[in-house]
Amino acid sequence: MARHFLTGEELTSDELLDLVDRAIQLKADRALSRALEGRSVALVFERPSTRTRVSFEVGVRELGGHPVVLREGETQLSRGESLRDFALVLSRFVAAIGVRTGPHATLVELAEHSEVPVVNMLTEDHHPCQALADLMTLRERFGELSGLRVTYVGDGNNVAHSLMVLGAKAGLEVVVATPPELGPDRQIAEIATASAANGGGVKLTNDPEAAATDAHALYTDVWVSMGEDDAAGSRRAALALHCLPAHPGEEISGDVLYGDRSAVWDQAENRLHAQKALLELLVGPPRLRRAA
Ligand code: CP
Ligand code: NVA
């Protein structure tokens, strides 16, 4: 049965830490791995993207594979073809399927019928590939993940959820500060807490000032996510993170985004390296576990 990456819960704590280390190796030598030699990967985008689209397409190519990008309206899904048939047919052509869509249930249904690994490239509830790059960026900047306090201030949806699930598993203390009506999903918070490892954990609050105290990094995201038609960290911290796209002057100031404390551009670049390591793990030949 294919191994999927839908929320990040699928990885053990050791696998996650190994993956981050591997991503750092792949960054040091972009031509190091040819894990996808001769294979193709479908990248299905039902929502817009800059970083995810380019980093996956470039990453698959650098691993020796062939990316097949499918945008909304380009497949028979837009004319009513079932997710089951779509998944079964793509499984005959490609070695993995990346999907960006709205409802998380759509991704889950597609994965249930896929015979090849399915990778979540963002749903309304989860953005686990972003969290991989976030962890890699923190590891580069601080050396160790365990013991770091990372405070997320903003909407408690996909980016916050994945930071909670994967961050706590990697040993971060993830503090999520939101307005009361925009808090994270309780069930996802419970999952993140239950799967925490290496001293990590999750705290939820409505007080951004207190949450930012002693944080090693402050993280924020847009106020209005894709698919939301209507609808900050202000303390100085060692590092400022943002998954991008950003709206300078809204959820983050231009001074912070472009300033010395910003790790945002490394964070964006690291999508490439982290996803290459993920594709190696899911699709590529087995690798030795890292030495203890
Ligand atoms: N951070 C992120 O996923 O960016 P894109 O929406 O541009 O892919
Ligand atoms: N929360 C944002 C993240 C974009 C990468 C969104 O869903 O639009």
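The structure under discussion appears in the preceding block.
Residues numbered from 1 in each chain as written. Chains lettered and ligands numbered in written order. Predicted model: local features only at pLDDT ≥ 70, side-chain atom pairs only at ≥ 80, totals over all residues. Heavy atoms only, no water.

Here's the deal with the sheet that holds strand E6 (residues 173-177)
Each strand in a sheet pairs with another by means of backbone hydrogen bonds, the pair being arranged parallel or else antiparallel. Spatial ordering of the open sheet is given by E7-E6-E5-E8-E9, a layout of 5 strands whose pairing is parallel. Single-partner strands in this sheet number two, and they are strand E7 (201-205) and strand E9 (239-242). On average, adjacent strands in this sheet sit at an angle of 20° to one another, irrespective of strand direction. Across 5 bridges, strand E5 (residues 149-153) lies against E6 in parallel orientation. (Pairing = 2+ DSSP bridges. Helix = DSSP H or I, 4+ residues; strand = E, 2+ residues; numbered from the N terminus. Axes fitted to C-alpha atoms, helices over the stretch in contact; angles between N-to-C directions.)

Description of the site of ligand 1
Taken together, the neighbourhood of ligand 1 is formed by Ser49, Thr50, Arg51, Thr52, Arg100, His127, Gln130, Cys243, Leu244 and Arg271. Take Arg100: an N or O atom from its side chain is 2.9 Å from an oxygen atom of ligand 1. One of the backbone N or O atoms of Cys243 is found 2.8 Å from a nitrogen atom in ligand 1. Calculation on ligand 1 without its partners gives an accessible area of 260 Å², and the protein chains cover 96% of this total. Residues belonging to the shell around ligand 1 are distributed by class as follows: 2 nonpolar, 5 polar and 3 charged. Residue contributions to the shell around ligand 1 reach at least three from each of two domains, namely domain 1 (13-126 + 271-283) and domain 2 (129-268). (Near = heavy atom within 4 Å. Polar contact = N/O pair within 3.5 Å; in protein donor to acceptor, adjacent residues only side chain to side chain. Areas by Shrake-Rupley, 256 points an atom, 1.4 Å probe, with all protein chains shown as cover. Nonpolar A, V, L, I, M, F, W, Y, C, P; charged D, E, K, R; others polar. Domains from an automatic or database assignment.)

Side note on the sheet that holds strand E4 (residues 118-120)
Strand order in the open sheet formed by 4 strands is E2-E1-E3-E4, and the pairing between neighbours is parallel. Sheet topology places strand E2 (66-71) and E4 at the edges, where each strand pairs with a single neighbour. Pairwise comparison of adjacent strand axes, ignoring direction, gives a mean angle of 20° for this sheet. Where strand E1 (residues 40-45) meets strand E3 (residues 96-100), 5 bridges bridge the pair, whose relative direction is parallel. Bridge assignment links Leu43 to a residue of E3, and that residue is Gly98. Those strands touched by helix H4 (residues 104-113) are E3 and E4, and its axis lies near 165° from that of E4. (Contact = heavy atoms within 4.5 Å.)

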